[in-house]
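Breakdown of the fold
Here's the letter readout for the chains.
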Amino acid sequence: MKIAFSPCPNDTFVFHAWAHGLITNAPELDITYADIDITNNLATTSDGPDILKISYAALPWVLDEYALLPCGGALGRGCGPLILTSDGDKGSDPQSLSGKTVAVPSERSTAYLLFRLWAAQNVPGGVGEIIVMPFDKIMPAVRDGLIDAGLVIHEARFTYPTYGLTLLTDLGSWWEADTGLPIPLGAIIARRTLDLDSIVKWIRSSVEYAWEHPEQTRAYVLNHAQELSPEVAQSHINLYVNEFTENLGEAGYGAVTALLTRAAQEGIVPSVDPAALLWRP
């Protein structure tokens, strides 16, 4: 069974057990490790993988072929994307982004969607040029003055001070204060033609195995996160692997619906029927 997810610690932690043949009756996985911008695009191709980790912001374009699964993804509180600058205290004013160049990890990422919603409220006249860049290249580009600001995700939350960068805003905190809802980041989707009931069971079993045997996941996680210290990798897992990873539940589906509804109202994504987001075994 073909699957694509990122090499980030939360994904490798979640899928470790399945990837290593530790889940009873689960088929062998043919894994592609790829940045979220790549997996978002893979989901739109006719020969895309059976299962993918994509951004929730990319769901409106793929729901005809893929179902949103209620487990395995990243959704939570205190884990949102950040907007960073290199301007010290001068870079902490949202108005400073007017007409500026901003790097983003993907134009179909939840991070970018949140950024667009936030900017519509907080940046008079709007930002200037948007540049798509692999997420691990954004902070060095901001530090080196190649771009004015960067929208960052994943472990950048823990490492940006080492680049001498300034936090302009935490989009997760903004979203939570504005809506009271958790932040939908990464979704797990699978082709609707597959045995979704079994896939959900295998993913949940893999999550539960990782929680019960975290020491067994360590080498696999660190091998795919070679630039991270064990402490940062563990902080990443602690933040992004939570109760929503095991089961989205009512709050999780509510957050996804709110995000995509607001984005559609702003003309950022196509409208989605909330019923299309739901899948139940």
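Residues numbered from 1 in each chain as written. Predicted model: local features only at pLDDT ≥ 70, side-chain atom pairs only at ≥ 80, totals over all residues. Heavy atoms only, no water.

1. Thoughts on the environment of Trp118
Within the secondary structure, Trp118 sits in helix α3 (residues 110-122). Between the C-alpha atom of Trp118 and that of Thr169, which follows or precedes it by 51 residues, the distance is 9.6 Å. For Trp118, the contacting residues outside a window of four places in its chain are Ile83, Pro94, Leu97, Val123, Leu168, Thr169, Leu171 and Trp174. (Helix = DSSP H or I, 4+ residues; strand = E, 2+ residues; numbered from the N terminus. Contact = heavy atoms within 4.5 Å.)

2. So, unusual backbone geometry
Positive phi, close to 70 degrees, is recorded for Asn25, a residue that is not glycine. Summarising the element assignment, Asn25 is placed in the loop between α1 (9-19) and β2 (30-33). Asn25 gets classed as exposed once you look at its relative accessible area, which sits at 70%. (Buried < 20%, exposed > 50% of the residue type's maximum accessible area, 1.4 Å probe, protein only.)

3. Section: the nonpolar core
The tendency in soluble globular proteins is for nonpolar side chains to be buried side by side. Ile54, Tyr56, Leu59, Ile83, Leu97, Phe115 and Trp118 are the most contacted members of the largest nonpolar core, which totals 54 residues. When neighbours within four sequence positions are excluded, Ile54 is seen to be in contact with Ile36, Thr39, Asn40, Ala43, Leu59, Val62, Leu185, Gly186, Ala187 and Ile189. Membership of the second largest hydrophobic core comes to 28 residues, among which are Ile3, Ile23, Ala190 and Val221. (Core = buried A, V, L, I, M, F, W, Y, C linked by side-chain atoms within 4.5 Å.)

4. Some details on the pairing of strand β3 (residues 51-55)
A large share of β3 lies buried, amounting to 5 of its 5 residues. Both strand β1 (residues 2-5) and β3 contribute to a ladder of 2 bridges, which runs parallel. Bridge assignment links Ala4 to a residue of β3, and that residue is Leu52. Relative to strand β11 (residues 183-191), β3 runs antiparallel, the two being bridged by 5 bridges. (Pairing = 2+ DSSP bridges.)

Fair warning: the whole summary comes from geometry, so function is off the table for now.
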